[in-house]
Amino acid sequence: MLILNRAKPRYQPDVNRFLALCGRNYALILRWLPRDWPEGQKLRAQGTKGHLLLTLQENTRYTQLVEISRPLGGEPLVRDPKLLVRIYHDAKLAEVLTGQQISLLSAVYDYPNVCMYQSDEKYQVNAFLEDLLTIGCRHALAVQS
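Let me begin by describing the structure that accompanies this report. (Residues numbered from 1 in each chain as written. Predicted model: local features only at pLDDT ≥ 70, side-chain atom pairs only at ≥ 80, totals over all residues. Heavy atoms only, no water.)

## Quick notes on the packing of aromatic side chains
What the rule picks out here adds up to zero aromatic pairs. Across the ring face of Tyr-123, the terminal group of Arg-17 is positioned such that the distance to the ring centre comes to 4.0 Å. (Phe/Tyr/Trp six-rings, centres within 6.5 Å; stacked < 30°, edge-to-face > 60°. Lys NZ or Arg CZ within 6 Å of the ring centre and 35° of its normal.)

## Things to note about a nonpolar patch on the surface
Together, Leu-72, Leu-77 and Val-78 line one region of the surface with nonpolar side chains, adding up to about 310 Å² of accessible area. The residue Leu-72 is located in the loop between strand S3 (63–69) and strand S4 (82–88) in this model. With relative accessibility at 33%, the residue Leu-72 sits in the partly exposed group. (Patch = residues over 30% accessible without salt bridge, like charges linked within 9 Å, V, L, I, M, F, W, Y side chains within 5 Å. Areas by Shrake-Rupley, 256 points an atom, 1.4 Å probe, with all protein chains shown as cover. Salt bridge = Lys/Arg side-chain N within 4 Å of Asp/Glu carboxyl O. Helix = DSSP H or I, 4+ residues; strand = E, 2+ residues; numbered from the N terminus. Buried < 20%, exposed > 50% of the residue type's maximum accessible area, 1.4 Å probe, protein only.)

## As for unusual backbone geometry
The phi angle at Lys-92 is positive, at roughly 60°, despite the residue not being glycine. Mapped onto the secondary structure, Lys-92 falls in the loop between S4 and strand S5 (93–98).

## A word on helix H1 (residues 15–30)
Between its terminal C-alpha atoms H1 stretches 22 Å, which fits the 22 Å expected from 16 residues at 1.5 Å a residue. Every buried residue belonging to H1 is among Phe-18, Leu-21, Cys-22, Asn-25, Tyr-26, Leu-28 and Ile-29, and all of these are buried. Where H1 begins, the side chain of Asp-14 points an oxygen toward the backbone nitrogen of Asn-16, at a separation of 3.3 Å. (Expected span 1.5 Å × (residues − 1). Polar contact = N/O pair within 3.5 Å; in protein donor to acceptor, adjacent residues only side chain to side chain.)

## Notes on the environment of Glu-67
Inspection of the secondary structure assignment puts Glu-67 in strand S3. Each C-alpha atom of the pair Glu-67 and Arg-86 lies 8.9 Å from the other, and the pair is 19 residues apart in sequence.

## Description of the pairing of strand S2 (residues 50–59)
Two elements, S2 and S3, share six bridges in a ladder whose sense is antiparallel. Considered in S3, the bridge of Leu-54 is made with Ile-68. Joining the antiparallel neighbours S2 and S3 is a turn of three residues. (Pairing = 2+ DSSP bridges.)

## What about the pattern of salt bridges?
Counted under the stated rule, the structure contains three salt bridges. Across the salt bridge formed by Arg-86 and Glu-58, the nearest N and O atoms sit 2.7 Å from each other. One end of the pair, Arg-86, is in strand S4; the other, Glu-58, is in strand S2, and 28 residues separate them in sequence. You can call Arg-86 buried: its relative accessible area is 16%. Take Glu-58: its relative accessible area is 29%, and that puts it in the partly exposed class. In this structure, the salt-bridge partner of Glu-95 is Lys-122, at a minimum N-O distance of 2.7 Å. Of this pair, Glu-95 sits in strand S5 while Lys-122 sits in helix H2 (residues 121–138), and the two are 27 residues apart along the sequence.

What follows is the structure, given as structure tokens:
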């Protein structure tokens, strides 16, 4: 009997693919953001399936920090999904910094791990942002302050 030790190769992030995703997120999020948006102001993006709340938390010369949340209507068992997104205007990128339960996203996680994050968790959370923004644009969300 021949036993082969086939260890799964360690995950290597594809930087070009990740930067392309962040570039698409930047283009999508610019459709929603007003030019003169004061810090702390909340915007409500209303769609046919609900709404998103966007809050500008930080505004600097080249970057903005925006919290995007999806209120679920007070369901006690499920927390409202939230993402903290850094928008880099000089690089034309938008990257998720934190997710619902993840304080700072790492580029790669060992798998398995205690929190059961996927090896490419950072990419997946940014792909979720792309889906969220794409659905919002497809359903013609109207932004209200």
